[in-house]
Amino acid sequence: MPKRNIKRTRKENRKKTESFSCRESCGHSVEMFSFKYFSFLFVALVALQTMAALASAESSEEASNAVGDIDNEWWKTAVFYQIYPRSFMDSNDDGIGDLRGVLSKLSYLAETGITATWLSPIFQSPMIDFGYDISDFKDIHEEYGTMEDFEELISEANRLNIKIILDFVPNHSSDQCEWFIKSAAREEGYEDFYVWADGHINEDGEMEPPNNWQSVFYGSAWTWHPERGQYYYHQFTAEQPDLNYRNSKVVEAMDDVITFWLDKGVSGFRVDAVNHLFEDPELKDEPLSGKIQDRSSHLYTEHIYTKDLPEVYDMLYHWRNLLDEYTEKHGGPARIMMTEAYADLKFLMDYYENADGSKGPHFPFNFFLLTDISQTSDARDYVFNIQKWLTYMPRNHVANWVMSNHDNPRIASRLGVDSVDAMNMLLMTLPGVAVTYNGDEIGMQDFRDISWEDTVDPPARNVGPDKYKEVSRDPVRTPFQWSGEKNAGFSNADKTWLPVHPNYEELNLEIQKSLEKSHYSVYKDLIELRKMPVMEQGRTALEVISRNVFTVTRSLKGHSSILTIINTSDEEQMVNLLEVLDEDIKQLTVLVSGVNSIYDKGTEIPQEDFEHFILTPQEALVCMIA
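Residues numbered from 1 in each chain as written. Predicted model: local features only at pLDDT ≥ 70, side-chain atom pairs only at ≥ 80, totals over all residues. Heavy atoms only, no water.

## Overview of the overall build of the protein
- Along its length, the protein carries 19 helices and 23 strands.
- Put simply, the protein has 626 residues, and 57% of those count as buried.
- For the protein, long-range pairs separated by at least 24 residues make up 69% of all intrachain contacts whose partners lie at least 6 apart in sequence. (Helix = DSSP H or I, 4+ residues; strand = E, 2+ residues; numbered from the N terminus. Buried < 20%, exposed > 50% of the residue type's maximum accessible area, 1.4 Å probe, protein only. Contact = heavy atoms within 4.5 Å.)

## Quick look at the packing of helix α10 (residues 345-352) against helix α12 (residues 379-392)
- With their axes 10 Å apart at the nearest point, α10 and α12 run at an angle of 45° to one another. Comparing the axis directions of α10 and α12 gives the class oblique. Between α10 and α12 lies a crossing whose hand is right-handed. Facing α10, whose interface residues are Leu345, Lys346, Leu348, Met349 and Tyr352, α12 presents Lys388, Trp389 and Tyr392.
- Residues belonging to the contact of α10 with α12 are distributed by class as follows: 6 nonpolar, no polar and 2 charged. (Axes fitted to C-alpha atoms, helices over the stretch in contact; angles between N-to-C directions. Parallel < 35°, antiparallel > 145°, perpendicular 65-115°, else oblique. Left-handed = near helix turned anticlockwise from the far one by under 90°. Nonpolar A, V, L, I, M, F, W, Y, C, P; charged D, E, K, R; others polar.)

## A word on the pattern of salt bridges
- With the rule as written, the count across this model stands at 30 salt bridges.
- Aspartate 446 is the salt-bridge partner of arginine 448, the closest N and O atoms lying 3.9 Å from each other.
- What makes aspartate 446 buried here is its relative accessible area of 7%.
- Put simply, lysine 601 and aspartate 525 hold a salt bridge, and the shortest N to O gap is 2.8 Å. With lysine 601 in the loop between β20 (587-593) and β21 (604-606) and aspartate 525 in helix α18 (residues 519-529), this residue pair connects regions lying 76 residues apart in the sequence. (Salt bridge = Lys/Arg side-chain N within 4 Å of Asp/Glu carboxyl O.)

## Structural notes on the environment of serine 248
- Relative to the assigned elements, serine 248 resides in helix α8 (residues 248-263).
- Between the C-alpha atom of serine 248 and that of phenylalanine 193, which follows or precedes it by 55 residues, the distance is 9.2 Å.

## Brief notes about the sheet that holds strand β11 (residues 268-271)
- Pairing in this open sheet of 8 strands is parallel, and the strands run β13-β12-β11-β5-β2-β1-β15-β14 from one edge to the other. What marks the edges here is a single partner per strand, and that holds for β13 (363-364) and β14 (400-402).
- Pairing of strand β12 (residues 336-339) with β13, which is carried by 2 bridges, proceeds in the parallel orientation. Each residue of the ladder has a partner; that of methionine 338, found in β13, is phenylalanine 363.
- Lying over the sheet, α8 contacts β5 (163-168) and β11, oriented at roughly 160° with respect to β5. (Pairing = 2+ DSSP bridges.)

## Structural notes on unusual backbone geometry
- Positioned with a positive phi, aspartate 308 is a non-glycine residue whose angle comes to about 60°.
- With respect to the helices and strands, aspartate 308 occurs in the loop between β11 and α9 (311-330).

## Focus on the side chain of glutamate 279
- Positionally, glutamate 279 belongs in the loop between β11 and α9.
- Comment: no salt bridge for buried glutamate 279; closest opposite-charge side chain is arginine 246, at 5.9 Å. (Lys, Arg positive; Asp, Glu negative; His and termini not counted.)

## Considering the pairing of strand β18 (residues 562-567)
- Of all 6 residues making up β18, 6 are buried, and the element is well covered by its neighbours.
- Across the two faces of β18 the burial is the same, with Ile562, Thr564 and Ile566 and Leu563, Ile565 and Asn567 all buried.
- For strand β17 (residues 549-555) and β18, the ladder comprises 6 bridges, and the chain directions are antiparallel. Residue pairing in the sheet places valine 549 in a bridge with asparagine 567 of β18.

## Considering a nonpolar patch on the surface
- Taken together, the side chains of Ile201, Met207 and Trp224 present a nonpolar region at the surface, about 300 Å² in accessible area.
- Its place among the elements puts methionine 207 in strand β8 (residues 207-208).
- Relative accessible area serves as the criterion here: at 41%, methionine 207 is assigned to the partly exposed category. (Patch = residues over 30% accessible without salt bridge, like charges linked within 9 Å, V, L, I, M, F, W, Y side chains within 5 Å. Areas by Shrake-Rupley, 256 points an atom, 1.4 Å probe, with all protein chains shown as cover.)

## Thoughts on the nonpolar core
- Counting residues in hydrophobic clusters, the biggest one holds 150 residues, and the most contacted among them are Phe80, Phe150 and Trp319.
- When residues in this core are grouped by element, the largest group, 9 residues, is from α9.
- Not counting residues up to four positions away in its chain, the partners in contact with phenylalanine 150 are Leu99, Ile122, Ile140, Leu166, Trp261, Lys264 and Val266. (Core = buried A, V, L, I, M, F, W, Y, C linked by side-chain atoms within 4.5 Å.)

## What about the confidence of the model for the protein?
- Of the residues in the protein, 89% have a pLDDT of 70 or more, and the chain-wide mean is 91.
- Taken together, the stretch residues 1-38 has pLDDT below 50 and engages in 57 contacts with residues farther than four places along the chain or on a different chain. (pLDDT = per-residue confidence, 0-100.)

## Section: the packing of α9 against α10
- At a minimum axis separation of 9 Å, α9 and α10 run at an interaxial angle of 30°. Judged on the interaxial angle alone, α10 and α9 are roughly parallel. Crossing geometry of α9 relative to α10 is assigned as right-handed. Listed contacts from α10 to Val312, Tyr313, Leu316 and Tyr317 of α9 are Phe347, Asp350 and Tyr351.
- By residue class, the composition of the contact of α9 with α10 is 6 nonpolar, no polar and 1 charged.

## Side note on the packing of aromatic side chains
- Evaluation of the coordinates by the stated rule reveals 45 aromatic pairs.
- Seen in terms of ring centroids, phenylalanine 260 and tryptophan 261 are 5.0 Å apart; in terms of plane orientation they differ by 90°. Their pairing is edge-to-face.
- Residue phenylalanine 260 is classed as partly exposed on the basis of its relative accessible area of 23%.
- On the basis of relative accessible area, tryptophan 261 is assigned to the buried category, the value being 1%.
- Ring geometry for tyrosine 599 against phenylalanine 613: centres 5.3 Å apart, planes inclined by 10°, an arrangement best described as stacked. In this pair, tyrosine 599 sits in the loop between β20 and β21 while phenylalanine 613 sits in strand β22 (residues 613-615), placing the two residues 14 residues apart along the sequence. For the residue pair tyrosine 599 and phenylalanine 613, the accessibility class agrees, reading buried in each case.
- Connected via pairs of aromatic rings, a cluster forms that spans Trp74, Trp75, Phe80, Trp118, Tyr342, Phe363, Phe365 and Phe367.
- Here the guanidinium or amino end of lysine 105 rests over the ring plane of tryptophan 482, the centre of that ring lying 4.2 Å away.
- The positively charged end of lysine 163 is found above the aromatic ring belonging to tryptophan 74, 4.9 Å away from the centroid. (Phe/Tyr/Trp six-rings, centres within 6.5 Å; stacked < 30°, edge-to-face > 60°. Lys NZ or Arg CZ within 6 Å of the ring centre and 35° of its normal.)

## Notes on helix α6 (residues 147-159)
- Counted at 1.5 Å a residue, the expected span for α6 with its 13 residues is 18 Å, and the 19 Å between its end C-alpha atoms agrees.
- Within α6, burial applies to Met147, Asp149, Phe150, Leu153, Ile154 and Ala157. Buried residues along α6 cover an arc of 155° about the axis, so they all sit on one side. Across α6 from its buried face, at more than 90 degrees, point the exposed residues Glu148 and Arg159.
- Residues of α6 that are buried sit in contact with α4 (99-104), α5 (106-112), β2 (116-119), β4 (136-140), β5 and α8.
- Count one or two residues on from α6 and you reach asparagine 161, which has phi positive near 60°. (Expected span 1.5 Å × (residues − 1). Arc of directions from axis to C-beta.)

## Brief notes about the side chain of glutamine 124
- Topologically, glutamine 124 is positioned in strand β3 (residues 123-124).
- Given the relative accessible area of 16%, glutamine 124 is considered buried.
- A polar contact of 3.1 Å, which involves the side chain of glutamine 124, links it to the side chain of glutamate 142.
- Those residues in contact with glutamine 124 that sit more than four places away from it in its chain are Asp133, Ile134, Ser135, Asp136, Asp139, Ile140, His141 and Glu142. (Polar contact = N/O pair within 3.5 Å; in protein donor to acceptor, adjacent residues only side chain to side chain.)

As structure tokens, then:
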């Protein structure tokens, strides 16, 4: 294949690259031949490198051991695809996504290359917080289906080699949970299942909560229970009372819940809000933060007595041991635990393991690319936030990367619509686990103009119609955009539980599957790329080339290195790649490029172009170094 001169002016680039939403699916025959040829070449390259790695097993015994290692370590390089079931696919046209909807789309996940998915809560619930208020930890919420539906989902997922991870919500239950009802009535064995406390009489003779703790969702974290004659504690809504993990019976009950779902065939759990599990037993007032004057705001105090207490570690080590013992007893792939906690970096690192070697979750979610990166961030910010996790992470553990989720803005809305491909390239070429929120593979956007009347998120409803848009999570939870049909192909209902984003006719999976190049095709290429040994096992080096451009290099002895180049700015950048590439490197071959890139997949970039290398705004490339 002859080398191509890839330097182009802005004007030439505009002529070559049509807007994504208007691109035709056919194109010229020569271009289609080139695209198909390089797609074949790319897949063949992955296959050859994978075969070479397998050939290194010198005996059948070694090969057998290798299979066992893969079985136990399947999660270490996986892409975990988060499904928000309520918004994924509606099978019965009630406007709400359900388990049979998920079941109907498992083939889509398999086609995309996804081998693990975690489901936001599907358990029996009054739906005050849409499943995070659980009334029965061992049953399926009726809007989502039945236990038989779940068992069929597990069976089909197993057939397609897709592992199912469940959202585990241990911090609290619903106030309609049988446990809470019994605790409020002081039934024997349940008296201290939750955090109860007496109030005190203020100078006006009125009853007040025991201290100044606030709910994450606004207002006091204490609610008076007239039957019990005490206050109960809730870090979130009043309908979500906190369980008391200083009571061994609570621990036993939650162990039983974990075992129940493991017996159903799940491959592990994403554990919700773990750093909230324990509170100070003396219920001391928390110091004022000085950040805000609103006493009902969660920001009013510093949460030194209600978050990140050291007892959290022991609970996590206990659950990890439970999972490991279950796997050892029953065989099969490792059952894993991944945890959600927005916490201090050093505190999170001890989640992995403590100084004595006690192991916690297989990985705590890494939110720094979500919380600490914005549209104003430059290359230095990206490298700093990536490197700090790799620096602090204990040796022989696995990193992970999260760019969005059901609680935070999507990539396209937080970082800009032109950043989608670049951010997915970064997510997929960093070492370890990648986590994708459903819809980010097609560049879905938040629907930020949801009306007050259509708003259902508890924190948004709590703050009222004037401020609800500032805190609402509804915009990131709108239905998946499958097609340009009614309700984006999500449901045939007259009204969906949240409105569909109005842009669904132009932005949907069906259109993107028909295009020669789309966010979805880029995403699929990246998943295929991750199968290469250099991506699964290679070392990682990050370099800032300029304020706006950085690189990620993955290298493994005996394999070609992979270079990801990212422009974080909204302007074209020219950089000198000779600053990061050895002088004996003769060319780069583009393996993955974005929808509006000036470089096609398969383009060979000669050494003479390294010194004046051009990247368009928000452009990224993944290249093989030769």
